[in-house]
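Understanding the architecture of this molecule
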2 protein chains.
Amino acid sequence: MRDGVPGFATLRDVARHAGVSLATADRVVNRRGGASARSTARVEAAVAALDFRPDPRAADLSRKRLTRLGLVVPRGENPFFSDIAREARCAAADLGGRRVLVEVVETDIFSPRALALELVALGERMEGLAVVGFDHPLVAEAVDALEAKGVAVVTLVSDVPRSARRRYIGIDNRAAGRVAGSLVGRFLGRGGGRVGVLVASLGLTDHLERLAGFRDTIAGRFPAVEIADVLEGRDERGVTRAKVSALLAGGAIDAIYNAGAANAGVADALGEAGAATIFVGHELTQETRPLILSGVMDAAIVQSAGHEARSALRLLLAELTGAAVVEDQERIRIEILMADNLPG
Amino acid sequence: MRDGVPGFATLRDVARHAGVSLATADRVVNRRGGASARSTARVEAAVAALDFRPDPRAADLSRKRLTRLGLVVPRGENPFFSDIAREARCAAADLGGRRVLVEVVETDIFSPRALALELVALGERMEGLAVVGFDHPLVAEAVDALEAKGVAVVTLVSDVPRSARRRYIGIDNRAAGRVAGSLVGRFLGRGGGRVGVLVASLGLTDHLERLAGFRDTIAGRFPAVEIADVLEGRDERGVTRAKVSALLAGGAIDAIYNAGAANAGVADALGEAGAATIFVGHELTQETRPLILSGVMDAAIVQSAGHEARSALRLLLAELTGAAVVEDQERIRIEILMADNLPG
DNA sequence: CTGTTAGCGCCTTCAG
DNA sequence: CTGAAGGCGCTAACAG
């Protein structure tokens with residue numbers, strides 16, 4: 001703080017205070033290198049003394065290089081990822097304003113090799129990448145290679161845990177699974193029952209963790225509930241429908257927890273069977289909205305596609321420019337939606 | 001779009017295209033008045049032709065006048081409002097960067113006259129005000145007077161419906177009440193039971209609407225549930241405790257829905273009585289966190305104080321500067337929290 | 001009513 | 001290694 005009451009210290013003030021030029025002050029503040037130890041020390045002292053915080057707006061404005069960001073989402077019928085892609089496109093417009101170019105790339109996420117190749121290729125022309133991950137050594141290796149050559153990588157929705165990604169943006173999937181467990185447990189009531197669980201693939205970190213959380217809660221708090229089976233539906237409607245139908249045919253099922261995306265497939269199977277089964281799933285999309293409203297789905301555990309897309313871009317940009325991050329704003333929340341609190 | 005591939009049109013381009021000066025282009029774009037019909041038309045045509053969008057960063061940077069914003073929250077023991085105040089203070093730092101001064105004012109919200117006077121007084125030295133409302137003609141009148149003299153007013157958390165406020169920032173309280181009704185109904189199970197409801201005051205729009213939503217759902221979907229009584233606790237721990245204790249003493253109560261804030265008071269009363277009562281309330285605060293974790297509260301319906309504070313400031317600023325608004329980002333969500341998805 | 005002229009705070013060549 | 005100078009896109013005096 002200084003003279004002008006409501007004014008902050010500017011880089012110019014820092015430079016003056018340190019007895020160096022604007023350019024030198026900039027060099028040390030932004031760690032561009034090429035400043036003597038003496039200058040560095042003096043500038044750092046000035047920064048501390050004046051409590052200097054760079055103004056991100058001015059920085060943006062004057063930066064001439066444009067930043068290319070990529071968003072890699074799975075190809076397929078999953079409507080949640082269409083939402084993410086759409087939101088990312090419109091977020092791109094005002095987050096970085098101009099000088100930021102966002103490209104959304106769809107790829108076959110279930111093939112680790114294809115995903116890894118795509119990532120490396122994208123790294124050639126992007127400075128930052130947000131990736132819906134798949135937990136596989138090839139993918140982790142690609143991420144590490146990108147980071148090694150200076151491309152900022154964040155994972156979105158599904159993490160690649162053993163990799164050098166800067167950060168994971170998405171919900172705590174284990175907690176989401178626990179919530180699902182609680183809901184199913186409480187909805188079933190004292191009597192308990194048999195529940196079927198669905199995932200897309202056991203290679204997806206997010207689905208696996210949901211499953212683990214679900215198991216924890218059921219085992220720990222609802223002894224009368226039994227997990228009948230865990231099915232892999234690849235997030236495809238047809239596959240899912242067939243597997244759920246088979247499960248229902250095989251014996252009384254009182255609840256379904258779909259940790260994956262193919263809710264329409266579950267609804268198909270439940271509709272055919274005509275049973276009054278509790279059904280808890282994930283995400284609010286064109287597909288699930290009517291299911292929740294009509295009561296076919298009793299509850300949905302939801303993450304906001306818009307929030308995630310904006311967070312991903314904001315955080316990539318922050319990584320690249322050193323801008324400040326408001327952690328509270330970036331925490332992706334787990335929302336529980338029922339017919340009563342469906343937005344819009 | 002024009003020549004330079006990834007460049008947007010600037011005001012300078014617009015001016016050139018319209019054959020006027022920068023200043024004139026600025027005048028019509030920002031409706032500052034004092035431009036001939038001819039110039040206005042030409043500039044507007046240019047804006048459309050070039051798809052010009054002003055760069056908010058540049059605008060901020062060059063704006064010299066600093067904006068004073070006020071946030072009016074109720075004085076009292078309500079920890080949620082302390083959170084809002086805290087979040088507002090730190091949001092102020094980076095949202096407007098410098099050139100924005102945010103002042104948080106605590107006032108006695110239960111006295112419409114005092115609140116109205118305070119508002120009018122604040123209007124003398126602020127250009128924008130975010131107010132936790134109280135639905136009373138005096139308050140509405142004060143808001144109208146402020147708007148009439150050009151002060152932008154938004155309501156936060158609790159609306160002042162029949163007033164000229166620009167907008168209400170907060171959850172859909174009717175929906176929140178319905179959610180509470182569903183949770184209580186489902187947690188009670190088939191057998192149903194008797195439930196006591198609490199509000200701070202029937203003059204608070206938000207509490208009233210929660211009550212209405214709660215009633216809707218109980219009446220419509222849970223015929224076995226009976227609302228035993230509606231208590232006014234002024235959001236004070238002692239008052240609430242006493243009233244709940246009296247209610248519990250008066251006959252079997254299977255659930256409490258606290259639409260207000262004094263959850264500690266409810267917990268006190270439940271603790272004394274030692275009954276296994278379902279308890280659903282609102283907000284995640286220092287006070288409710290342990291109650292949720294320990295299972296005293298079965299669920300909390302939550303709104304994010306940080307999100308609301310940031311939204312309020314962002315929207316006031318947008319009103320004042322004409323900046324664009326991302327509606328999806330400003331929608332305040334209703335979160336359902338249970339022990340399993342408590343963040344942090 | 002209109003245009004010219006300085007900046008806002010920072011980044012970025014380009015000479016020293 | 002260092003500094004001077006010229007923008008980025010917009011706002012706001014100030015002259016016409």
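As annotated in an unreviewed UniProt entry, chain A is LacI family DNA-binding transcriptional regulator from Aureimonas populi.

1. Section: the environment of B:S304
The topology assignment puts B:S304 in the loop between β10 (299-302) and α13 (305-321). Judged by relative accessible area, B:S304 falls into the buried class, the value being 8%. In the structure, B:S304 is positioned twelve residues away from B:L316 in sequence and 18 Å away in space, judged by C-alpha atoms. Non-local contacts of B:S304, meaning those with residues more than four positions away in its chain, are made with A:R333 and B:E335. Of note is the side chain of B:S304, whose polar atom sits 3.0 Å from the backbone nitrogen of B:H307.

2. Observations concerning the protein's contact with DNA strand C
Surveying the vicinity of DNA strand C reveals 26 residues, the closest of which are A:L11, A:D26, A:S62, B:R27 and B:S36. Residue B:S39 places a side-chain N or O atom 2.8 Å away from a phosphate oxygen belonging to DNA strand C. In the model, a base oxygen of DNA strand C is placed 3.1 Å from a nitrogen or oxygen of the B:S62 main chain. Of all the elements in the fold, those that place two or more residues in the surface near DNA strand C are α2 (22-29) and α4 (56-62) of chain A together with α2 (22-29) and α4 (56-62) of chain B. Counted by class, the surface near DNA strand C contains ten nonpolar, nine polar and seven charged residues.

3. Observations concerning the relation of the copies chain B and chain A
Of the transformation placing chain B onto chain A, the axial shift is 0.0 Å and the rotation is 180 degrees, giving an RMSD of 0.1 Å. Such a turn and shift between the copies fits a two-fold axis.

4. Here's the deal with the side chain of B:N173
All names here are of chain B. Tracing the backbone shows N173 in helix α8 (residues 173-188). Of the residues examined, N173 reaches a relative accessible area of 2% and is grouped as buried. Polar contacts involving the side chain of N173 include one to the side chain of R210, which spans 2.8 Å.

5. Some thoughts on the UniProt feature "domain: HTH lacI-type" (unreviewed entry) in chain A
This chain's UniProt record puts "domain: HTH lacI-type" (unreviewed entry) on residues 9-63 of chain A. In the segment residues 9-63 of chain A, helix accounts for 67% and strand for 0%; the C-alpha atoms at its two ends are 20 Å apart.

6. Focus on the pattern of salt bridges
Scanning all chains against the criterion turns up 55 salt bridges over all chains. Notably, a salt bridge pairs A:R241 with A:E272, separated by 2.3 Å at the nearest N-O pair. Of the two residues, A:R241 is situated in helix α10 (residues 237-249) and A:E272 in helix α11 (residues 263-273); the sequence distance between them amounts to 31 residues. A relative accessible area of 34% means that A:R241 is categorised as partly exposed. Among the ionic contacts, a cluster of salt bridges with common partners joins A:D55, A:R57, B:D60 and B:R63.

7. Structural notes on the pairing of strand β6 (residues 193-199) of chain A
Within a regular strand, the side chains alternate between the two sheet faces. For β6(A), a buried count of six out of seven residues is recorded, marking the element as mostly surrounded by other parts of the structure. In this fold, β6(A) hands off to helix α9 (residues 205-221) of chain A, which returns the chain to strand β7 (residues 225-232) of chain A; that crossover is right-handed.

8. A closer look at the domain arrangement of chain A
Here the domain parsing of chain A yields domain 1 (11-54), domain 2 (62-170 + 305-332) and domain 3 (173-302). For domain 1 of chain A versus domain 3 of chain A, the separation of C-alpha centres amounts to 57 Å.

9. Describing the protein's contact with DNA strand D
Around DNA strand D sit 25 residues, and of these A:R27, A:S36, B:L11, B:D26 and B:S62 come closest. At the protein interface, 74% of the atoms of DNA strand D within 4 Å belong to sugar or phosphate. Secondary-structure elements contributing two or more residues to the surface near DNA strand D are α2 and α4 of chain A together with α4 of chain B. Each residue belonging to the surface near DNA strand D can be placed in one class, and the counts come to nine nonpolar, nine polar and seven charged.

Reading the values: the criteria
Residue numbering note: each chain is counted from 1, following its sequence as written. The naming scheme follows written order: chains are lettered A onward, ligands numbered 1 onward. Only residues with pLDDT of 70 or above have their local features reported here, since the model is predicted, and side-chain atom pairs are shown and tallied only from 80 upward, although totals for entire chains, interfaces and linings are computed over all residues. Hydrogens and water molecules were not included; the side-chain quantities draw on all heavy atoms of the structure. For helices the rule is a DSSP run of H or I covering at least 4 residues; for strands it is a run of E covering at least 2, with both sets numbered from the N terminus onward. Each residue is assigned to one of three classes by its accessible area relative to the maximum for its type, calculated with a 1.4 Å probe on protein chains only: buried under 20%, partly exposed between the two thresholds, exposed over 50%. In what follows, residue pairs with any heavy atoms lying within 4.5 Å of each other are defined as contacts. By the criterion applied in these results, polar contacts are pairs of N or O atoms within 3.5 Å in which, for protein atoms, one can donate a hydrogen and the other can accept it, and in which residues neighboring in sequence qualify only through two side-chain atoms. Any residue with a heavy atom positioned within 4 Å of a molecule or strand is treated as near that molecule or strand. Here the nonpolar group is Ala, Val, Leu, Ile, Met, Phe, Trp, Tyr, Cys and Pro; Asp, Glu, Lys and Arg are the charged ones; every other residue, Gly included, is treated as polar. All copies are superposed by least squares; the fitting set is the C-alpha atoms of residues with a pLDDT of at least 70 in both. UniProt positions are given in the numbering used here, feature names are shortened, and annotations may be inferred rather than shown by experiment. Within this document, salt bridges are pairs made up of a side-chain nitrogen of Lys or Arg and a carboxyl oxygen of Asp or Glu, the two lying within 4 Å of each other. Handedness is read with the strands pointing away from the viewer; a crossover is right-handed when the path from the first strand over the helix to the second is clockwise. Reported domain spans reflect what an automatic or database domain assignment gives.

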